[in-house]
Amino acid sequence: MARVGLYPGTFDPMTNGHLDIMGRAVKLVDKLVIGVAINSTKGPMFSLEERVEITRRETEHLKALTEIEIRPFEGLLMHFAREVGAGIIIRGLRAVADFEYEFQMTAMNQQLDREIETVFLMADPRHQAVASRLVKEIARLGGDVSAFVPPGIEAELMAKVRQG
């Protein structure tokens, strides 16, 4: 039986930290589903279609390591996990604040489905301060985001900022 992992997120924009977690997650599963969340309450800078396409492009190299599937999703994470057959939810942790939030989410998710485990991967120290929200703010204020996102995403992010 294949071990299916689910790595959910809005990926707005996808950062080097996200890619680091994905690169390590593929070592743990036979198939990694990357769930691109439809979350209009966060006011994404990139459209859902753009985020899905960027995720496809930026994870192409991981297909040599395991099966990768990119899917948009909306609604309850545990429903989506069951839909894709995931037995593992992959989450990245950067700091204590992440842990507190993720601890609550994991406890609630276990109440919804005890068969699906959550696995936490610590962010590489180089990426522990990186958050999509902060990357967008730095870009909007004219800062250099090249250390936080891959080159293709940097160009797209800066184009979005110029569009206003």
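Everything below is about the structure shown above.
Residues numbered from 1 in each chain as written. Predicted model: local features only at pLDDT ≥ 70, side-chain atom pairs only at ≥ 80, totals over all residues. Heavy atoms only, no water.

Let's talk about the layout of surface pockets
There is about 1200 Å³ of room inside the largest pocket. In terms of lining residues, the largest pocket is bounded by 46 residues, among which G9, T10, K42, R91 and E102 are the most central. Within the residue set of the lining of the largest pocket, elements represented by two or more residues are strand 1 (4–9), helix 1 (16–25), helix 3 (77–84), strand 4 (88–93), helix 4 (96–112) and helix 5 (132–140). A class-by-class count of the residues in the lining of the largest pocket yields 22 nonpolar, 13 polar and 11 charged. (1 Å grid on protein atoms, 1.4 Å probe; cavity = no way out; pocket = protein on both sides within 12 Å on 5 of 7 lines; lining within 4 Å. Points joined across faces, edges and corners; volume = space filled by probe spheres on them. Helix = DSSP H or I, 4+ residues; strand = E, 2+ residues; numbered from the N terminus. Nonpolar A, V, L, I, M, F, W, Y, C, P; charged D, E, K, R; others polar.)

A few points about the environment of E49
The topology assignment puts E49 in helix 2 (residues 48–58). E49 sits 48 residues away from A97 along the chain, and the two C-alpha atoms are 30 Å apart.

Remarks on the environment of A131
Locating A131 in the fold gives a position in the loop between strand 5 (117–122) and helix 5. Residues A131 and R94, spaced 37 residues apart in sequence, show a C-alpha to C-alpha distance of 9.0 Å.

Looking at the packing of aromatic side chains
For the structure shown, the criterion picks out 3 aromatic pairs. On the numbers, 4.5 Å between centres and 10° between planes, the contact of F73 with F80 is stacked. Comparing F73 with F80, the two get one shared label, buried. Ring centres 5.7 Å apart and planes at 35° place the aromatic pair F99 and F103 in the tilted group. Of this pair, F99 and F103 both sit in helix 4, 4 residues apart, which is roughly one turn of the helix. By relative accessible area, which is 51% here, F103 ends up exposed. (Phe/Tyr/Trp six-rings, centres within 6.5 Å; stacked < 30°, edge-to-face > 60°. Buried < 20%, exposed > 50% of the residue type's maximum accessible area, 1.4 Å probe, protein only.)

Quick look at the packing of helix 5 against helix 6 (residues 151–163)
How two helices pack is summed up by the angle between their axes together with the distance between the axes. For the pair helix 5 and helix 6, the least separation of the axes is 9 Å and the interaxial angle reads 55°. When the axes of helix 5 and helix 6 are compared, the pair comes out oblique. Seen from above, helix 5 lies across helix 6 with right-handed handedness. Contacts between helix 5 and helix 6 involve V135, K136, A139 and R140 from the first element and L157, M158 and V161 from the second. For the contact of helix 5 with helix 6, the class distribution of residues is 5 nonpolar, no polar and 2 charged. (Axes fitted to C-alpha atoms, helices over the stretch in contact; angles between N-to-C directions. Parallel < 35°, antiparallel > 145°, perpendicular 65-115°, else oblique. Left-handed = near helix turned anticlockwise from the far one by under 90°. Contact = heavy atoms within 4.5 Å.)

A few points about the side chain of E102
Overall, E102 belongs to the buried group, its relative accessible area being 7%. Apart from the residues within four sequence positions on either side, E102 is in contact with R91, L93 and F120.

Regarding the pattern of salt bridges
By the definition in use, this model includes 14 salt bridges. Notably, a salt bridge pairs E69 with R71, separated by 3.5 Å at the nearest N-O pair. One continuous salt-bridge network, built from bridges that share partners, spans K31, E67, E69, R71 and E83. (Salt bridge = Lys/Arg side-chain N within 4 Å of Asp/Glu carboxyl O.)

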